Amino acid sequence: GRIVISTSLNKRDMLELQVEDDGPGMAPELQEQVFAPFFTTKPEGEGTGLGLYICHNIIHEHGGSISLESQPGAGATFKICLPVE
(Lines give C-alpha, C1' and ligand atoms only; values in the text may rest on other atoms or scores of the structure.)
Protein backbone atom coordinates (compact mmCIF):
# COMPACT_ATOMS: atom_id res chain seq x y z
CA GLY A 1 0.00 0.00 0.00
CA ARG A 2 0.85 3.64 -0.20
CA ILE A 3 0.59 6.36 2.46
CA VAL A 4 1.03 10.05 1.65
CA ILE A 5 1.46 12.62 4.43
CA SER A 6 1.24 16.33 3.63
CA THR A 7 0.98 19.59 5.54
CA SER A 8 -0.17 23.07 4.61
CA LEU A 9 -1.82 26.19 5.97
CA ASN A 10 -5.53 26.21 5.16
CA LYS A 11 -7.80 29.18 4.41
CA ARG A 12 -8.28 29.81 8.14
CA ASP A 13 -4.50 29.94 8.77
CA MET A 14 -4.62 26.61 10.57
CA LEU A 15 -2.08 23.85 10.11
CA GLU A 16 -3.66 21.09 8.04
CA LEU A 17 -2.13 17.62 8.18
CA GLN A 18 -3.44 15.07 5.69
CA VAL A 19 -2.78 11.34 5.86
CA GLU A 20 -3.95 9.56 2.72
CA ASP A 21 -3.80 5.87 1.84
CA ASP A 22 -4.72 3.77 -1.16
CA GLY A 23 -6.47 1.05 0.84
CA PRO A 24 -9.95 -0.38 0.42
CA GLY A 25 -11.73 2.77 1.58
CA MET A 26 -14.70 2.88 3.89
CA ALA A 27 -18.47 2.80 3.37
CA PRO A 28 -20.39 5.95 4.39
CA GLU A 29 -22.25 4.16 7.21
CA LEU A 30 -18.91 3.16 8.78
CA GLN A 31 -17.46 6.66 8.38
CA GLU A 32 -20.22 8.02 10.61
CA GLN A 33 -19.02 5.78 13.45
CA VAL A 34 -15.24 5.89 13.03
CA PHE A 35 -14.62 8.39 15.88
CA ALA A 36 -17.03 6.69 18.32
CA PRO A 37 -15.54 4.92 21.35
CA PHE A 38 -15.08 1.15 20.97
CA PHE A 39 -15.87 1.18 17.25
CA THR A 40 -13.61 -1.11 15.25
CA THR A 41 -13.71 -3.04 12.01
CA LYS A 42 -11.07 -5.47 13.25
CA PRO A 43 -11.88 -9.00 14.38
CA GLU A 44 -12.71 -9.53 18.05
CA GLY A 45 -9.60 -9.45 20.21
CA GLU A 46 -7.62 -7.28 17.76
CA GLY A 47 -7.86 -3.70 18.94
CA THR A 48 -10.04 -1.80 21.34
CA GLY A 49 -11.67 0.72 19.01
CA LEU A 50 -10.29 3.61 21.05
CA GLY A 51 -7.47 4.94 18.82
CA LEU A 52 -9.41 7.38 16.65
CA TYR A 53 -11.71 8.28 19.55
CA ILE A 54 -8.68 9.31 21.63
CA CYS A 55 -7.12 11.19 18.68
CA HIS A 56 -10.41 13.03 18.10
CA ASN A 57 -10.61 14.14 21.74
CA ILE A 58 -6.97 15.29 21.94
CA ILE A 59 -7.27 17.28 18.71
CA HIS A 60 -10.52 18.94 19.87
CA GLU A 61 -8.97 19.79 23.27
CA HIS A 62 -6.32 21.73 21.35
CA GLY A 63 -8.90 23.69 19.33
CA GLY A 64 -8.62 21.57 16.21
CA SER A 65 -10.67 19.17 14.16
CA ILE A 66 -10.27 15.81 12.45
CA SER A 67 -12.29 14.47 9.55
CA LEU A 68 -12.36 11.49 7.23
CA GLU A 69 -12.97 11.46 3.49
CA SER A 70 -13.30 8.04 1.89
CA GLN A 71 -15.03 6.10 -0.83
CA PRO A 72 -15.25 2.31 -0.97
CA GLY A 73 -12.44 1.06 -3.19
CA ALA A 74 -10.70 4.45 -3.30
CA GLY A 75 -8.65 4.77 -0.11
CA ALA A 76 -9.12 7.18 2.76
CA THR A 77 -7.86 10.62 3.78
CA PHE A 78 -7.80 11.88 7.35
CA LYS A 79 -7.53 15.66 7.68
CA ILE A 80 -6.37 17.18 10.95
CA CYS A 81 -6.56 20.95 11.44
CA LEU A 82 -4.82 22.63 14.37
CA PRO A 83 -4.46 26.29 15.32
CA VAL A 84 -1.01 27.75 14.73
CA GLU A 85 -0.17 29.38 18.06
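You'll find the structure just up there.
Model, not experiment: these values are computed from the prediction.

J.: When you look at the sheet that holds strand 1 (residues 3-9) in this model, what are you seeing that I'm missing?
T.: Think of a sheet as strands paired side by side through backbone hydrogen bonds, with each pair either parallel or antiparallel. Across the sheet, four strands lie side by side as 1-2-4-3; this open sheet has antiparallel pairing. Pairing within the sheet leaves two strands with one partner each, and these edge strands are strand 1 and strand 3 (65-70). The mean angle between the axes of side-by-side strands here comes to 15°, regardless of whether they run parallel or antiparallel. Bridge count between strand 3 and strand 4 (residues 76-83): six bridges; the pairing is antiparallel. Looking at strand 4, one finds that S70 is bridged to A76.

Cut-offs applied
Residues numbered from 1 in each chain as written. Predicted model: local features only at pLDDT ≥ 70, side-chain atom pairs only at ≥ 80, totals over all residues. Heavy atoms only, no water. Pairing = 2+ DSSP bridges. Helix = DSSP H or I, 4+ residues; strand = E, 2+ residues; numbered from the N terminus. Axes fitted to C-alpha atoms, helices over the stretch in contact; angles between N-to-C directions.

In short, geometric facts, not functional conclusions.
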